[in-house]
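# Fold and geometry: a report
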Amino acid sequence: ACRAASSTAVRLPSGPMAPDGRRDGNAETRAAAERRGRRAEAWAAWLLRAKGYRILSRRYRTPAGEIDLIARRGRQIVFVEVKQRPDAATAIAAVTPQGRRRIARAAAVWVSHHPAAAAFDRRFDVIVALPRRLPRHLVAVFDDAGEMW
């Protein structure tokens, strides 16, 4: 006798896939966060330009880490971390000691690749981007060792 083919179907994973082929349910969330971060960085760059800064680099990446914005005004080079969070306290807390040290190391790499910048003063700022508000510029938040002022 002939048997009917099994009706058991193989179910393929649906939804976004990670680059390695695994199912990744958070890819859309990460992509949305990436878009918000880029938008916050664009607003931060706009704010700095309005204050008379010249943007030298955006998303500068080194093996030591990434710097969101590098700007110059007068004889000062400013390394800027941009944080977008629901409130200012959460945004400031998100600039962790480890993150500050990472930014300071990346800044040292940038200066080593731009020898003329060694003669300039250096500063580490944070720009806080809050929903439906203009960004807030916090000046000289930490030093080149990653220590808070």
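Now for a quick tour of the structure. Quantities reported herein were computed from a predicted structural model and do not represent experimental measurements.

The next subject is the sheet that holds strand E5 (residues 136–142). As summarised here, the arrangement of the 5 strands in space is E1-E2-E3-E4-E5, forming an open sheet in which the pairing is mixed. The two strands at the open ends of the sheet, each matched to only one other strand, are strand E1 (54–62) and E5. Strand-to-strand, the axes of this sheet are offset by a mean angle of 30°, without reference to chain direction. Seen against the sheet, helix H3 (residues 97–113) touches E1, strand E2 (65–73), strand E3 (76–84), strand E4 (121–129) and E5 and runs at an angle of roughly 60° to E2.

What follows covers the side chain of Asp68. Secondary-structure assignment places Asp68 in strand E2. Nearest to the buried, unbridged Asp68 among oppositely charged side chains is Arg59, at 5.5 Å. There is a polar contact of 2.8 Å between the side chain of Asp68 and the backbone nitrogen of Val82. If we skip the residues at most four places from it in the chain, Asp68 touches Glu41, Ser57, Arg58, Arg59, Val80, Glu81 and Val82.

Next up on the list: the pattern of salt bridges. Enumeration according to the criterion identifies 7 salt bridges in this entry. Across the salt bridge formed by Glu66 and Arg61, the nearest N and O atoms sit 2.9 Å from each other. Among the residues examined, Arg61 registers a relative accessible area of 58% and is labelled exposed. A salt bridge links Lys83 to Glu81; its shortest N-O distance comes to 3.4 Å. Of the two residues examined, Lys83 and Glu81, each falls in the buried class. The structure contains a network of salt bridges with shared partners spanning Glu34, Arg38, Glu41 and Arg59.

Conventions we followed
- Residues numbered from 1 in each chain as written.
- Predicted model: local features only at pLDDT ≥ 70, side-chain atom pairs only at ≥ 80, totals over all residues.
- Heavy atoms only, no water.
- Pairing = 2+ DSSP bridges.
- Helix = DSSP H or I, 4+ residues; strand = E, 2+ residues; numbered from the N terminus.
- Axes fitted to C-alpha atoms, helices over the stretch in contact; angles between N-to-C directions.
- Contact = heavy atoms within 4.5 Å.
- Buried < 20%, exposed > 50% of the residue type's maximum accessible area, 1.4 Å probe, protein only.
- Lys, Arg positive; Asp, Glu negative; His and termini not counted.
- Salt bridge = Lys/Arg side-chain N within 4 Å of Asp/Glu carboxyl O.
- Polar contact = N/O pair within 3.5 Å; in protein donor to acceptor, adjacent residues only side chain to side chain.

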